[in-house]
Amino acid sequence: MRVYSCRRSLSLKVAISSLLLLLFIKYQINHTPWPQATHIPGTGAANLTGSTLRAADALPGSTCRSGFYAEEELRPHLRRPGQDPRSPGAGGKPFQWQQLTPEKLSENLAAFHKNQFNQFASDRISLHRDLGADTRHPDCLGQRFPRCPGLPTTSVIVVFHNEAWSVLLRTVYSVLHTAPAALLTEVLLVDDASTEDHLQSGLEEHVRQLNVVRVLRLKERKGLVAARLMGAEAARGEVLTFLDSHCECFQGWLEPLLARIAVRPSAVVSPRIAIIDKTDLKFQKPDPGRHYLTRGNFDWTLRFGWEGLPEEEAKGRLNETHPIRTPTFAGGLFSISKSYFQLLGTYDDQMLFWGGENLEMSFRVWQCGGQLEIIPCSVVGHIFHKSSHTYPKGIISRNLVRLAEVWMDDYKFVFYRSVRRAGLISEQNLFGDVSERRELRERLKCQSFSWYLRNVYPEAYVPDIRPVKHGKLQNVGAKCCLHLSKIKEKWRPVPEFKCRDEHVAQDFEYTSQKEVRLSGKNTLCLHASEGAAASLEFCLLKGEQTTAAPQEVWIHTPTNELKNLFYGTCLTASEGKVVMTACKSGTVNQSWVFV
C-alpha cells in the first residue's frame, strides 16, 4: 500500500512539474519582445535543410501535428475550371493577334490609351487562366512545410482605382485558384473611390458568390497608403499579403512567404516578380535553368530600381529556396505579420496618394531591426505599365521629403541636392508634421542611416554629404557650361559633351575623391580620353572595395584648370565641344568654375 501511495505521489509531482513547465513555455512565447537587431540579422539558414524546412516535434498538449503538410491540406479555395489549351493566352502564352476590323482596332487603341496596357487582349483571356506546368526550380518543387509551428493564415489585400474588370478579377481568381483554403482567411478588395460603373454594385454582386472576397470602399480618393491602411485594419488574417490589382499568382506562391514569416516574424517578404507583358499579356514563367537573381536598390534621387545579386551574397545562398536579402523592395507585392506591421508603425499615413512609401518602409524595416527579403520560390506575375491616374503636382517629392526627414539623417542633403524641388519643399517646410514618425523611430531605438549604408547596402556609392564643389560647370573663356542630353529620357553614358547656355546645363559635383560626377545621377563620371573628346561613363568607384579610375580623377588647380593626371591633359572648350588638350597656363578656354 505504501509503495502504491509513493508511486501516486511521484506521478502527481511529475504531472504538476510538467504543467508548470508548459505554462512557463507559453508565457515565454507570448511575452518575448520583437528583436531589436543592432547588426544585420541572419537569414534563418539554420532553419533550412536542403529544400525543406525542419519539422519540429509537437509539444505535449500542442494543437499542431508533427510532420509536414500533405498535399490535400494545401488545396486551394477554388478549383480552376478546365481550359482549352488553344484558347487566348492559355498556359501563360501571349495573346495571338488576328486581323482586326476598324471597330475592333479603335476599341483596342482606346483601351490601351486608357489603361496603359492591352485591355483588349485581357478581356479575351480567361479570368481563370491556367499558367501551365510548374516550372520553378526543383528545390522549390521539393520544398515541404512543417505542421508545427504551422503556417499562419493571411488576408490578401488588393487596392484598386478604376481598374479594368478583367485584370482585377483575374487577380482575384488567381489567388483563389492557388492559395490554400486553410491559410486564406479572405481577399479584401479596397476601392480607392473608383468612378467607373463596372466597379460599383456589379463588382460586389460578382464577388459575393465567392464567400471569402469582400469589397471595402473609401468615400473619397485618398491614395494607396490610406487604402492599404483601411484593408489592414479590417483584415482578420495573421499575415497581411498586399498585391496590386493587375497580378497573376503562380502555383505554390503563398506557402513559401508564410513559411518564412513563421520562422522569422520580423521578416518582410516579397515574391519573385514575373513580368506579364503589357502588350500581349504573356506571363514570363520561371526558368529553372536561369540563375540570374535580382534585388531592390535605390539611387540618390530616391528612385527604386533593380540590380543583380552581388557575388558574395549569391555564394552565401544554400539553395534556391534560400531567401534573398534586399536593401529595398518594390512595395507592391509583399507579406508581413499583422502584429509586426502594427509594431513597426504601419505606413506613414500622411504620405498622400502614391510614391515613396516603399522606400520609407524599406529603410524603416532595416533600421528598426527587421529585414527585407525576396523569396525566390514564390512567383507572382505583374503587369508593369505607366500609371494612367493623375495626382496633384509635386506629391511624390513631398512624400519623399517626409521619409528623408525621418530616416536619412544628414544624407537627406544629398537627396535635396539631387532633386531641387525636394530641397525647396524642405526649406519651405511644406512636407507636413513628421514629429510622430520621429517619435516612432526613437521609441523603436532604430539605427542611423549610416548604419544602413554600412551594414545593409555596403555596395552602394555614398556621396559626400557636402561635396567639395557643386553646381553648373562653366567655362570662363567660352561663357558656356558642360552639357549633355538624356537618351530616351534617362541619363546614360555619352561619347562627348557640348558646351551650352547655363540655363539648359546640368549640375555636377567635385567629390572628395577628385571625381566630377553628374549630380542626381551619381553613378556617371566625367571621363578623360587620350587626344579625344571627354565623355560621360559609369564611375568605377561604386562602393566598398572599389577605387576611382585614373581617367576619372581630376585636379581642379588654383587657376581653375581641370587636369587629368593620367593623361596629363586638361578639359578644354572648343567651338561648342568639350575636348582634352595639352594644358597651357593662362588659357581661359581651359578655365572652369562651379556656378
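This is a predicted model, so every value here is computed, not measured. (Residues numbered from 1 in each chain as written. Predicted model: local features only at pLDDT ≥ 70, side-chain atom pairs only at ≥ 80, totals over all residues. Heavy atoms only, no water.)

**Some details on the overall build of the protein chain**
For the protein chain, the count of helices and strands is 16 helices and 25 strands. Counting the 595 residues in the protein chain, one finds 51% classified as buried. Residue pairs in contact within the protein chain that sit at least 24 positions apart in sequence constitute 76% of those at least 6 positions apart. (Helix = DSSP H or I, 4+ residues; strand = E, 2+ residues; numbered from the N terminus. Buried < 20%, exposed > 50% of the residue type's maximum accessible area, 1.4 Å probe, protein only. Contact = heavy atoms within 4.5 Å.)

**Considerations on the pattern of salt bridges**
Following the criterion strictly, the structure yields 29 salt bridges and no others. A salt bridge links Asp191 to Arg217; its shortest N-O distance comes to 2.6 Å. Of the two residues, Asp191 is situated in strand E4 (residues 184-191) and Arg217 in strand E5 (residues 213-217); the sequence distance between them amounts to 26 residues. Its relative accessible area of 2% is what places Asp191 among the buried residues. Residue classification places Arg217 among the partly exposed positions, given a relative accessible area of 24%. Among the salt bridges present, the one from Arg295 reaches Glu459, with a minimum N-O distance of 2.9 Å. Note that Arg295 is positioned in strand E9 (residues 294-298) and Glu459 in the loop between helix H16 (449-455) and strand E14 (469-475), a separation of 164 residues in sequence. (Salt bridge = Lys/Arg side-chain N within 4 Å of Asp/Glu carboxyl O.)

**Regarding the packing of aromatic side chains**
Under the definition given, this model contains 23 aromatic pairs. Ring plane angle 55 degrees and centroid distance 6.0 Å describe the contact between Tyr411 and Phe449, whose orientation is recorded as tilted. Here the residue Tyr411 occupies a position in the loop between helix H12 (395-407) and helix H13 (412-418), and Phe449 occupies one in helix H16, the gap between them amounting to 38 residues. Comparing Tyr411 with Phe449 shows no difference in burial state: the two are buried. Judged by centre distance (6.4 Å) and plane angle (80 degrees), the rings of Phe413 and Tyr416 are edge-to-face. (Phe/Tyr/Trp six-rings, centres within 6.5 Å; stacked < 30°, edge-to-face > 60°.)

**Topic: the nonpolar core**
Counting residues in each nonpolar core, the largest one holds 58 residues, and the members touching the most others are Phe298, Leu302, Phe363, Met408, Phe415, Phe449 and Tyr452. In terms of residues, this core owes the most to one element, H12, which gives 6 residues. Residues contacting Tyr452, with those up to four places away along its chain left out, are Phe298, Pro327, Thr328, Phe363, Trp366, Gln367 and Tyr457. Core analysis: the next-biggest nonpolar cluster, separate from the first, contains 40 residues, Val207, Leu243, Leu258 and Ile375 among them. (Core = buried A, V, L, I, M, F, W, Y, C linked by side-chain atoms within 4.5 Å.)

**Points about empty space enclosed by the protein**
If you roll a probe as big as a water molecule over the atoms, it shows you where there is empty space left. In total, this model carries 2 cavities of 30 Å³ or more according to the counting rule given. Estimated volume of the second largest cavity: approximately 40 Å³. If you trace the second largest cavity, you find it lined by Arg80, Leu127, His128, Arg129, Leu131, Arg170, Ser174, Glu248 and Cys249. Those elements giving two or more residues to the lining of the second largest cavity turn out to be helix H5 (165-176) and strand E7 (247-249). Taken together, the residues of the lining of the second largest cavity sort by class into 3 nonpolar, 2 polar and 4 charged. (1 Å grid on protein atoms, 1.4 Å probe; cavity = no way out; pocket = protein on both sides within 12 Å on 5 of 7 lines; lining within 4 Å. Points joined across faces, edges and corners; volume = space filled by probe spheres on them. Nonpolar A, V, L, I, M, F, W, Y, C, P; charged D, E, K, R; others polar.)

**Considering helix H15 (residues 435-443)**
Every buried residue of H15 is accounted for by Arg437, Leu440 and Arg441. All buried residues of H15 lie within an arc of 100 degrees about the axis, which places them on one face of the element. When the buried face of H15 is taken as reference, the exposed residues oriented beyond 90 degrees from it are Glu436, Glu442 and Arg443. Contact partners of the buried residues in H15: helix H10 (338-343), helix H11 (357-367), H12 and H16. Positive backbone phi, approximately 55 degrees, marks Lys445, located one or two places after H15. (Arc of directions from axis to C-beta.)

**Quick look at a negative patch on the surface**
Side chains of Asp349, Asp433, Glu436 and Glu439 sit close together on the surface and give a patch of like negative charge. Mapped onto the elements of the fold, Asp349 is located in the loop between H10 and H11. When its relative accessible area of 49% is taken as the criterion, Asp349 is described as partly exposed. (Patch = residues over 30% accessible without salt bridge, like charges linked within 9 Å, V, L, I, M, F, W, Y side chains within 5 Å. Areas by Shrake-Rupley, 256 points an atom, 1.4 Å probe, with all protein chains shown as cover. Lys, Arg positive; Asp, Glu negative; His and termini not counted. Charge placed at Lys NZ, Arg CZ, Asp CG, Glu CD.)

**Structural notes on the pairing of strand E23 (residues 569-574)**
Burial analysis of E23 places 5 of its 6 residues in the buried class, the great majority of the element. Where strand E22 (residues 562-564) lies against E23, 2 bridges are found, and the strand directions are antiparallel. Bridge pairing in E23 links Lys563 to Cys570. The hairpin turn running from E22 into E23, its antiparallel successor, is 4 residues long, and Gly568 in that turn takes a positive phi close to 70 degrees. Pairing of E23 with strand E24 (residues 577-582), which is carried by 6 bridges, proceeds in the antiparallel orientation. Counterpart to Thr569 in the pairing with E24 is Ala582. Two successive antiparallel strands, E23 and E24, enclose a turn made up of 2 residues, where Glu575 displays a positive phi of approximately 55 degrees. (Pairing = 2+ DSSP bridges.)

**A short note on the environment of Trp554**
Position of Trp554 relative to the elements: it lies in the loop between strand E20 (535-538) and strand E21 (555-556). In this structure Trp554 comes out as buried when scored by relative accessible area, which is 0%. Leave out the neighbours within four places in its chain, and Trp554 touches Tyr510, Lys514, Val516, Leu526, His527, Ala528, Leu562, Lys563, Asn564, Leu571 and Met580.

**Observations regarding the side chain of Arg517**
Here Arg517 lies in strand E18 (residues 516-518). Within the structure, Arg517 has its side chain in polar contact with the backbone oxygen of Leu541 (distance 2.6 Å). Excluding its chain neighbours within four sequence positions, the residues that come into contact with Arg517 are Tyr461, Asp507, Phe508, Glu509, Thr511, Asn522, Thr523, Leu524, Cys525, Cys539 and Leu541. (Polar contact = N/O pair within 3.5 Å; in protein donor to acceptor, adjacent residues only side chain to side chain.)

**Observations regarding the state of the cysteines**
Counted according to the given criterion, the structure contains 5 disulfides. Between the sulfur atoms of Cys525 and its disulfide mate Cys539 the distance is 2.1 Å. Taking the torsion about the sulfur-sulfur bond, which here is approximately 105 degrees, the covalent link between Cys525 and Cys539 counts as right-handed. With Cys525 in strand E19 (residues 524-527) and Cys539 in the loop between E20 and E21, this residue pair connects regions lying 14 residues apart in the sequence. (Disulfide = S-S within 2.5 Å.)

**Considerations on the confidence of the model for the protein chain**
This prediction gives the protein chain a mean pLDDT of 87; 88% of its residues lie at or above 70. Counting interchain partners and residues more than four positions distant, the pLDDT-below-50 stretch residues 19-51 has 58 contacts. (pLDDT = per-residue confidence, 0-100.)

**Section: the pairing of strand E10 (residues 304-308)**
With burial as the criterion, only one face of E10 is covered, namely that bearing Gly305 and Glu307; the residues Phe304, Trp306 and Gly308 on the opposite face remain uncovered. Looking at chain direction, E9 and E10 are connected through 5 bridges and run antiparallel. Paired with Arg295 across the bridge in E10 is Glu307. Hairpin connection from E9 to E10: 5 residues lie between these consecutive antiparallel strands, with Leu302 at a positive phi of about 60 degrees.

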